Amino acid sequence: MYLTPQHILLAGASGLTGEHLLDRLLNEPTVTRVLAPSRKPLAEHPHLENPVGDPAVLLAQLSGRVDIAFCCLGTTIKKAGSEAAFRAVDLDMVVTFAKRAREMGARHLIVISAIGADPQSSVFYNRVKGEMEQALKAQDWPQLTIVRPSLLLGERLEPRLAEQLAGPLSRLIPGKYHGIEVCELARAMWRLALEEQDGVRIVESDELRKLGK
């Protein structure tokens, strides 16, 4: 069974995956409105509403009904500056966004997590991602889709050295640890948004690559 999403709420539209997903959404004939708050202005489009400013302030000011919410928020500890600042984005901001999306009527949330997410992990990054997943499950969404991509492959405006070094190797690793192109991830997320089912679904990277072909 399939939905026809009309009104979309998107967080993280200026990021690597968010840019690809936004472009796809704006070119879908079934989508009549994409609400994408961001810190910096996005390219103009007749179906795009782009409030600009502090995300924490903007979320409370958003209005109108939405059907589906996509969350592409994420940073790195290096870029954030500290573990606390990283947690504020990858956990707190994601959870706050999801809560607001639910208040606006969304029944389906598709969120980017990470391969290896585990609230009990000894690795800080994986632990925060796991805590984020746990917090979203506690919000009792009618439909929650958690995607866990492996290393993202694509051109960033600000290249990350670790990704540049690991990218070629990740293309050789089989299974869910094989790197995934951001365009494939965006396509997979859109396909998952069209599927109507109840409860929580976790989609690992190997399945995402198949969906995104």
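Residues numbered from 1 in each chain as written. Predicted model: local features only at pLDDT ≥ 70, side-chain atom pairs only at ≥ 80, totals over all residues. Heavy atoms only, no water.

- Per an unreviewed UniProt entry, the recorded name for the protein chain is Oxidoreductase, and the organism is Pseudomonas asgharzadehiana.

**Remarks on helix H4 (residues 83-103)**
No. 1: Compared with the 30 Å implied by 1.5 Å per residue over 21 residues, the 29 Å span of H4 between its first and last C-alpha is a close match.
No. 2: At Asp92, H4 is bent by approximately 30°, the largest bend along its length.
No. 3: By the burial criterion, the buried members of H4 are Phe86, Asp90, Leu91, Val94, Phe97, Ala98, Arg100 and Ala101.
No. 4: Looking at the buried residues of H4, the elements they touch are strand S1 (7-11), helix H2 (55-61), strand S4 (68-71), helix H3 (77-80), strand S5 (108-112) and helix H5 (124-138). (Helix = DSSP H or I, 4+ residues; strand = E, 2+ residues; numbered from the N terminus. Expected span 1.5 Å × (residues − 1). Bend = angle between axes of the 7 residues up to and from the residue. Buried < 20%, exposed > 50% of the residue type's maximum accessible area, 1.4 Å probe, protein only. Contact = heavy atoms within 4.5 Å.)

**Things to note about the environment of Glu103**
No. 1: By secondary structure assignment, the location of Glu103 is in helix H4.
No. 2: In this structure Glu103 comes out as partly exposed when scored by relative accessible area, which is 49%.
No. 3: Each C-alpha atom of the pair Glu103 and Arg65 lies 9.0 Å from the other, and the pair is 38 residues apart in sequence.
No. 4: Here Arg100 takes part through its side chain, which lies 3.1 Å from a polar atom of the side chain of Glu103. (Polar contact = N/O pair within 3.5 Å; in protein donor to acceptor, adjacent residues only side chain to side chain.)

**Topic: the side chain of Gln143**
No. 1: As for its position among the elements, Gln143 is in strand S6 (residues 143-148).
No. 2: Excluding residues that lie within four positions of it along the chain, Gln143 makes contacts with Arg107, His108, Leu109, Glu195, Glu196, Gln197 and Gly199.

**Re the nonpolar core**
No. 1: Within the largest apolar cluster, 32 residues are counted, with the highest numbers of intra-cluster contacts made by Leu10, Val34 and Phe70.
No. 2: For this core, the element with the highest residue contribution is helix H7 (residues 182-194), accounting for eight residues.
No. 3: Once you skip the residues sitting within four places of it in the chain, Leu10 turns out to touch Gly18, Leu21, Leu22, Leu25, Val34, Leu35, Ala36, Pro37, Phe70, Cys72 and Phe97.
No. 4: By size, the runner-up hydrophobic cluster in this structure holds 26 residues, among which are Leu9, Leu59, Met104 and Met132. (Core = buried A, V, L, I, M, F, W, Y, C linked by side-chain atoms within 4.5 Å.)

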